[in-house]
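Fold and geometry: a report
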Amino acid sequence: MTDHKDVFEPDQSIVDNAWVSDWKALEGKAKADPLAYWEERAQELEWSKPWDKVLDDSNKPFFKWFTGARTNIVTNAVDRHLTTARRNKLALIWVGENTDEVRTFSYFALNREVEQMANVLKAMGVRKGDVVTIYLPRIPEIFFAMLACAKIGAVHSVVFAGYSSEALNARIDGSESKVVITADGSWINGKIFPMKQIIDDAVKFSPTVENVIVVRNTGSEVSMDSTRDHWYHELCKLPIAKGKCETVQVDAEDPLFILYTSGSTGTPKAIVHTHGGYQVGTYTTLKQCFDIKEEDRWWCTADPGWITGHSYLVYGPLLNGATAFMHEGGPTYPYPDGWWQLIEHYGITSFYTAPTAIRTLMRFGDAWVRKHDLSSLRILGSVGEPINPEAWRWFHDVVGGGKCPITDTWWQTETGMFQITTVPSMPLKPGAAGRPVFGQEAAVVDEDGNELPAGKEGFLVLKNPWPAMMRTLYKDPDRYLKTYWEKYPGVYLTGDSARIDEDGYIWIIGRTDDVIKVSGHRIGTAEVESALISHPAVAEAAAIGLPHDVKGNSIHCAVILSQGYKPSKQLTADLRAHVAEVLSPIAKPDIFDFPEKLPKTRSGKIMRRVLKARALGQDEGDLSTLEE
Ligand code: PRX
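For the structure given in this document, a descriptive report is provided here. (Residues numbered from 1 in each chain as written. Predicted model: local features only at pLDDT ≥ 70, side-chain atom pairs only at ≥ 80, totals over all residues. Heavy atoms only, no water.)

So, about empty space enclosed by the protein. Across all of its chains, the model carries three cavities of 30 Å³ or more by this definition. Space inside the largest cavity adds up to approximately 60 Å³. Residue lining of the largest cavity: Gln288, Cys289, Thr421, Thr422, Val423, Met426, Arg435, Pro436, Val437 and Phe438, and that is the complete set. Contributing elements (two or more residues each) for the lining of the largest cavity: helix H10 (275-289) and strand S22 (435-436). (1 Å grid on protein atoms, 1.4 Å probe; cavity = no way out; pocket = protein on both sides within 12 Å on 5 of 7 lines; lining within 4 Å. Points joined across faces, edges and corners; volume = space filled by probe spheres on them. Helix = DSSP H or I, 4+ residues; strand = E, 2+ residues; numbered from the N terminus.)

Regular strands place side chains that alternate from one sheet face to the opposite one. Taken together, the three bridges between strand S16 (residues 297-300) and strand S17 (residues 323-327) define a ladder with parallel strand orientation. Among the inter-strand pairings, tryptophan 299 is bridged to a residue of S17, identified as phenylalanine 325. The parallel pair S16 and S17 is bridged by helix H11 (residues 307-319), and the resulting crossover is right-handed. Bridging between S16 and strand S18 (residues 350-353) involves three bridges; their strand directions are parallel. Residue pairing in the sheet places tryptophan 298 in a bridge with serine 350 of S18. (Pairing = 2+ DSSP bridges. Right-handed = clockwise from strand over helix to strand, strands pointing away.)

Let us now look at the site of the ligand. Close contacts around the ligand come from 17 residues, with Thr409, Thr413, Asp496, Arg511 and Arg522 the closest. Contact between the ligand and lysine 517: an oxygen atom at 2.9 Å from a side-chain N or O atom of the residue. Between an oxygen atom of the ligand and a side-chain N or O atom of arginine 522, the distance comes to 2.6 Å. Elements that contribute at least two residues to the shell around the ligand include exactly H11, strand S20 (406-409) and strand S27 (506-511). Classifying every residue of the shell around the ligand by side-chain character gives six nonpolar, five polar and six charged. (Near = heavy atom within 4 Å. Polar contact = N/O pair within 3.5 Å; in protein donor to acceptor, adjacent residues only side chain to side chain. Nonpolar A, V, L, I, M, F, W, Y, C, P; charged D, E, K, R; others polar.)

Structurally, glutamate 385 can be placed in the loop between strand S19 (379-383) and helix H15 (389-399). Look past the residues within four positions of glutamate 385 in its chain and what remains in contact with it is Ala354, Pro355, Thr356, Arg359, Ser519, Gly520, Lys551 and Gly552. (Contact = heavy atoms within 4.5 Å.)

Spatial ordering of the open sheet is given by S23-S24-S26-S27, a layout of four strands whose pairing is antiparallel. Looking along the sheet, the strands with just one partner apiece sit at the ends: strand S23 (442-445) and S27. In this sheet, adjacent strand axes meet at a mean angle of 45° when their direction is disregarded. Here S23 runs beside strand S24 (residues 458-462); their pairing, made up of four bridges, is antiparallel. What sits directly across from valine 444, in S24, is leucine 460. (Axes fitted to C-alpha atoms, helices over the stretch in contact; angles between N-to-C directions.)

It is worth spelling out the state of the cysteines at this point. Overall, the coordinates contain zero disulfides when judged by the stated rule. The thiol of cysteine 149 is not disulfide-bonded; the next cysteine sulfur, from cysteine 245, is found 11 Å away. A residue is classified by how much of its surface remains accessible, and cysteine 149, at 0% relative accessible area, is buried. The exposure class of cysteine 245 is buried, given its relative accessible area of 4%. (Disulfide = S-S within 2.5 Å. Buried < 20%, exposed > 50% of the residue type's maximum accessible area, 1.4 Å probe, protein only.)

Roughly 350 Å³ of volume is contained in the second largest pocket. In this structure, the second largest pocket is lined by 18 residues; those nearest its centre are Ser264, Thr483, Leu493, Gly495 and Asp513. Of all the secondary structure elements, the ones that give two or more residues to the lining of the second largest pocket are helix H16 (477-484) and strand S26 (492-500). Residue composition of the lining of the second largest pocket, grouped by class: three nonpolar, eight polar and seven charged.

Secondary-structure assignment places threonine 83 in the loop between helix H4 (73-77) and strand S4 (90-95). Through-space distance from the C-alpha of threonine 83 to that of glutamate 44 is 16 Å; in sequence the pair is 39 residues apart. A distance of 3.2 Å separates the side chain of threonine 83 from the backbone oxygen of arginine 80, its partner in a polar contact.

Let's shift gears to the sheet that holds strand S30 (residues 538-548). With mixed pairing, the three strands of this open sheet are ordered in space as S30-S31-S32. The open sheet has two free edges, formed respectively by S30 and strand S32 (591-593), since each of these has just one partner strand. For this sheet, the mean angle separating the axes of adjacent strands, direction not counted, is 25°. Taken together, the 10 bridges between S30 and strand S31 (residues 552-561) define a ladder with antiparallel strand orientation. Bridge pairing in S31 places histidine 548 opposite glycine 552. Each of S30, S31 and S32 touches helix H17 (residues 525-533); the most contacted strand, S30, lies at about 140° to it. Contacting S30 and S31, helix H19 (residues 608-616) crosses the sheet at an angle of about 60° to S30.

Here's what the structure looks like:
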């Protein structure tokens, strides 16, 4: 994992972005005056009123960026392109799971769709500051819905289309949405995932929901409640949907979206991002780190339900006036060359995906890749979990033909934009995420907050505020303070462990809290445990993550059964299905154990560390606090 000598010098004829070619100079300049650096970046975008201050840090850690400025991310992502030749450029190419289904939108057409959706939302009474829940698959309407909310100053809360009704219900209730936008269903490997049915179950107990907009996607039969549910295509025929819709200018600090993410304890956290800083951060980082050019076709395989989809499938590409490519399908259906075929067919130049997908596809062998001409590719990217050097080399040599740099991007839902990565002119080290983005500084510290020397493993912290940082947790500023800023005052606690090598490259090791990264998805042990406990057979449960060759981690559960239940294959299958049903299929545990007792501290806290050591046959460490 840590072959520090292995350094790749990218081919500069492929990546010739002049403004990052002298990265050392830019890094130095940004370090000397980060605010001047960010101000220059912000000046590349449009603001209807300029800022009084770049950064207001008078109430740390509740930082504010570009205070006093007025803008709207849609002004920069859509509107400003309409007055240039880009109005006729493709903003979005969409290909369905059935790859015969293709829909394309120029910036002009995208704007028309966004205006239509925004008109509908307005007619339903959605106003500035209202939260709209979006539960849609990877179809163009998810772009329209997010942008429509932003356009009218409403706040979107996208829930990943794989979440089940209880998880969805908690997110709808938490945000008090009056309107939910969904689809009749989504295609997953040839089968229909019944989204509308899940919505029906989720909103049954959501008192705030007044209207549900349903996009026809799969064409499956769904039940419609005439007092609440509306087909989107029918709404579009009404006069209310027609005509221009103005992009509302909002304060730079007004919320753009909330996005729920799993934390170490308790309920998922609702991360808040704002218009002004988020647009500057996502625009700049995508441009620099992936050398986005006018002629590029950018494919980010993430789902818009996650932060990667928000920042680098929807907003980042549009802010850069690029052509985004979105595919409804996964990597192996119907054959493991589906993605390679799409790269060839659509001339994708920039391809950004997750290590799990790379490892999965690598297992099918090189022949599937070599069947296709992937020479259009210029740059590759990785996100979501550490990429092991073996997968890095395969991605580089076989997919990228040995000529494309790989930008490994470390960041989080909370950070909104890349934090540790490379720009294409930097030397690359397979397995290392890279360096802090320009304007950022990172450190690895010990338990007491002392900075550790090169090569030593510790807690990763970020030292500078950055424009796209979360502003708070929705309706929970105390938890924001406690989770991220209390342990080491003055720096942001990432929750990851890492080490920094002698060249300043950061090697991410993994989470230090009770968050498990499964196939790059962030899952809280508490969420899995509470899903299990809601099953009658389960008295107590503990979930841990164990290393997995393809998925990075798999979920391993230790379960104490209620009286009258005995371990069996059937029960194991039932428990897996139960977690999928109440939480999400992505959170299905791989392994169940049925011990007689769980290792606990005297105060009753489950010692997951001990469970993990036992499962891996490792030393159990200090057991002085163990109950028995
Ligand atoms: O542990 C890190 C891992 O993903 C976590 C953030 O998860 P999430 O908020 O879901 O955002 C994922 C996509 C931005 C981090 O705390 N992580 C993310 N990117 C990388 C990574 N680990 C190693 N290398 C990465 N490139």
